[in-house]
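Tertiary structure, described
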Amino acid sequence: TSPIRSLSTNITLGIVSGKTDKDKAAEIMPSASLMEMYHLHPLANFGVKIGVVNYPDYYIFPISLEYQSLFGRSYRSWMTYGNIGYSLTKTQEDLTDQYEFNGGLNYQFGMGWHAAQQNFAFQFRLGYSVQNVEQIQIITSDYSIIQKRKLNRITAQIVYQIQYR
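Worth saying up front: this structure is predicted, and the values here are computed from it rather than measured.

**With respect to the overall build of the chain**
- Each helix and strand in the chain was counted, giving zero helices and nine strands.
- Starting at the N terminus, the α and β elements of the chain follow one another as β-β-β-β-β-β-β-β-β.
- For the chain, the spread of C-alpha atoms along the principal axes amounts to about 60 × 25 × 20 Å.
- Sorting the 165 residues of the chain into buried and exposed places 45% on the buried side.
- For the chain, the share of sequence-separated contacts (at least 6 apart) that also reach a separation of at least 24 residues comes to 59%.

The structure is reproduced here in structure tokens:
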């Protein structure tokens, strides 16, 4: 487990799988994030996270608060996590004349395996993520169609944690 009252930097690489539009098949997209975490107690770890998810038509930049809880007193233990935040978006360059995307509320929860050493740890996590996005299709300069999307996705992540005492 992580030392009590310590800090860590968490680098996360992962994939998200799900539909980006109701008319399309499910896709697998890459994701990455960076988080600073405060370890108050093995059952209470809090962090601030920023990240990026690459979708076919846009990028999502989630900014969220995360909570983690480790179960067990050994260096290898099960863990649960959850986060909630808001996401910013950026439309892919070749679509800026046709579409705009606005971010929205996001949240994620899941469980995983935590394996720690002296000053670093690895986590393997599976979770469920929800991202709200607003798509604006530009028809003319005076007319556009707004479609709200709720992206439900399965996530798989590997986390490398560098701990500071």
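**A few points about the pairing of strand β9 (residues 144–164)**
- The pairing of strand β1 (residues 6–18) with β9 spans eleven bridges and is classified as antiparallel. Residue pairing across strands places Leu7 opposite Tyr164, the latter belonging to β9.

**Quick look at the packing of aromatic side chains**
- Under the counting rule described, the total for this entry stands at nine aromatic pairs.
- Ring centres of Tyr58 and Phe101 lie 4.2 Å apart, and the angle between their planes is 35 degrees; this geometry places the pair in the tilted category. Pair noted here: Tyr58 is in strand β4 (residues 58–71) and Phe101 is in strand β6 (residues 99–102), with a separation of 43 residues, a long-range link.
- Judged by relative accessible area, Tyr58 falls into the buried class, the value being 1%.

**Overview of the environment of Ile138**
- Within the fold, Ile138 resides in strand β8 (residues 120–138).
- Along the primary structure Ile138 and Tyr99 are separated by 39 residues, whereas in three dimensions their C-alpha atoms are 5.7 Å apart.

**Section: the environment of Arg5**
- Structurally, Arg5 can be placed in the segment before β1.
- For Arg5, a relative accessible area of 59% translates into the label exposed.
- Among residues more than four places away in sequence, those in contact with Arg5 are Tyr38, His39 and Leu40.

**Side note on the nonpolar core**
- With nine residues, the main nonpolar core is built from Val16, Met29, Val53, Tyr55, Tyr58, Ile60, Phe101, Val133 and Leu151.
- What Val16 contacts, discounting residues up to four positions off in sequence, is Glu27, Ile28, Met29, Ser31, Val53, Tyr55, Arg153, Ile154 and Thr155.

**Thoughts on the pattern of salt bridges**
- Applying the stated rule across the entire model yields three salt bridges.
- Of the charged contacts in the structure, one is a salt bridge between Lys49 and Glu66, with a shortest N-O distance of 3.1 Å. Within this pair, whereas Lys49 is found in strand β3 (residues 44–54), its partner Glu66 is found in strand β4, the two being separated by 17 residues in sequence.
- On the basis of relative accessibility, which here comes to 2%, the residue Glu66 falls in the buried class.
- Linking Glu134 and Lys148 is a salt bridge whose minimum nitrogen-to-oxygen distance equals 3.3 Å. In this pair, Glu134 sits in strand β8 while Lys148 sits in strand β9, placing the two residues 14 residues apart along the sequence.
- Taking relative accessible area as the criterion, Lys148 reaches 68% and is therefore assigned exposed.
- Here the salt bridges do not stand alone but share partners, grouping Lys49, Glu66 and Arg125 into one network.

Rules used in this analysis
- Residues numbered from 1 in each chain as written.
- Predicted model: local features only at pLDDT ≥ 70, side-chain atom pairs only at ≥ 80, totals over all residues.
- Heavy atoms only, no water.
- Helix = DSSP H or I, 4+ residues; strand = E, 2+ residues; numbered from the N terminus.
- Buried < 20%, exposed > 50% of the residue type's maximum accessible area, 1.4 Å probe, protein only.
- Contact = heavy atoms within 4.5 Å.
- Pairing = 2+ DSSP bridges.
- Phe/Tyr/Trp six-rings, centres within 6.5 Å; stacked < 30°, edge-to-face > 60°.
- Core = buried A, V, L, I, M, F, W, Y, C linked by side-chain atoms within 4.5 Å.
- Salt bridge = Lys/Arg side-chain N within 4 Å of Asp/Glu carboxyl O.

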